Amino acid sequence: MTNDNLTAEWFVFNAKSEKNTEKALNSEQFSLPYFIPKHYVIRTYHGKLQRELVPLIPHLVFVHATYHQVEEFHKQYFSDVFYVTERFEGRRKILTVPEAQMNEFIELAKHYEEELLYFRPEEIHLERGVRVRVIGGPFDGVVGTLMKVKGKRSKRIVVKINDIAAIASAQIDPEYIEVLK
């Protein structure tokens, strides 16, 4: 987190209800940019199959705001949303995600129609992969790490956010991959 209270950053919240948090963030009072990674699932309601867009990572909400704005939001909704924190030099500090890293994550996660996989940080080791950029296709411009995901035959692009989460794309054909130096 920067020392400047006027610079917008991506803050990470754990929300009791993503739907209620989304409603609050869209309200006239706050109207803050946010991102909730989602994907489609098929559910049965009263014997009928329905396609529904639901959060990919339960309870996780990213909010783009200044510290002052996010603190005002948190003060009003403190019983529903909680800062995600990390240990830094023996103390807890509010977790923020660097702009470039968040943009890569959004670029991949916004493809609701594609088969995306979510991993907790302990489930994946990214340091072994090669940094690549996708050129063409539905993931055009996404930068991430090329990895083989356990249990899948194909290689996928993985984008990781600090120690919060990683998202793997659907299979990427080799002709769409550019290796970055």
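Quick note: structure is the one above.
Right, let's walk through the structure included here.

The subject of this paragraph is helix 2 (residues 67–76). At 3.6 residues per turn, the α-helix brings residues three or four places apart onto the same side. For helix 2, every residue scored as buried is listed here: Val70, Glu71, Phe73 and His74. Buried residues of helix 2, viewed axially, fall in a sector of 160°; they line one side. Where helix 2 is buried, its residues touch strand 1 (9–15), helix 1 (18–25), strand 5 (60–65) and strand 6 (81–83).

The next point concerns the nonpolar core. Counting residues in each nonpolar core, the largest one holds 26 residues, and the members touching the most others are Phe35, Phe62, Val97, Met102, Phe105 and Ile164. Looking at this core, the elements with two or more residues in it are strand 1, strand 5, helix 3 (99–109), strand 11 (130–134), strand 13 (155–161) and strand 14 (165–171). Element by element, the count of residues in this core is highest for helix 3, at five residues. In this view, Phe62 contacts Trp10, Phe11, Val12, Pro33, Tyr34, Phe35, Pro37, Val97, Met102, Phe105, Ile161 and Ile164; residues no more than four positions away in its chain are not counted. Formed by 16 residues, the second largest nonpolar core is a distinct cluster that contains Phe13, Phe30, Val70 and Val81.

Take the pairing of strand 1 next. Burial within strand 1 is extensive, with six of its seven residues counted as buried. Direction of pairing for strand 1 relative to strand 5: antiparallel, over a ladder of six bridges. Paired with Asn14 across the bridge in strand 5 is Leu60. Where strand 1 lies against strand 6, three bridges are found, and the strand directions are antiparallel. Opposite Asn14, over in strand 6, you have Phe82 as the bridge partner.

Following the sequence through the fold, Lys110 ends up in the loop between helix 3 and strand 10 (117–119). Lys110 gets classed as partly exposed once you look at its relative accessible area, which sits at 41%. Expressed as a C-alpha distance, the spacing of Lys110 and His39, which sit 71 residues apart in the sequence, is 8.5 Å.

Scanning all chains against the criterion turns up eight aromatic pairs. Both rings, one in Phe30 and one in Phe73, keep their centres 5.2 Å apart while their planes meet at 90°; by these two values the pair is edge-to-face. Taken as a pair, Phe30 in the loop between helix 1 and strand 2 (34–35) and Phe73 in helix 2 lie far apart in primary sequence, 43 residues in all. The pair formed by Phe30 and Phe73 is uniform in burial state, with each residue classed as buried. Put simply, the rings of Phe13, Phe30, Phe73, Tyr77 and Tyr83 touch in pairs and so form one group of aromatic residues. Positioned above the aromatic ring of Tyr40, the side-chain terminus of Arg51 is 3.6 Å from the ring centre. Lys93 extends its terminal NZ or CZ atom over the ring of Phe88, reaching a point 5.3 Å from the ring centre.

About the cut-offs
- Residues numbered from 1 in each chain as written.
- Predicted model: local features only at pLDDT ≥ 70, side-chain atom pairs only at ≥ 80, totals over all residues.
- Heavy atoms only, no water.
- Buried < 20%, exposed > 50% of the residue type's maximum accessible area, 1.4 Å probe, protein only.
- Helix = DSSP H or I, 4+ residues; strand = E, 2+ residues; numbered from the N terminus.
- Arc of directions from axis to C-beta.
- Contact = heavy atoms within 4.5 Å.
- Core = buried A, V, L, I, M, F, W, Y, C linked by side-chain atoms within 4.5 Å.
- Pairing = 2+ DSSP bridges.
- Phe/Tyr/Trp six-rings, centres within 6.5 Å; stacked < 30°, edge-to-face > 60°.
- Lys NZ or Arg CZ within 6 Å of the ring centre and 35° of its normal.

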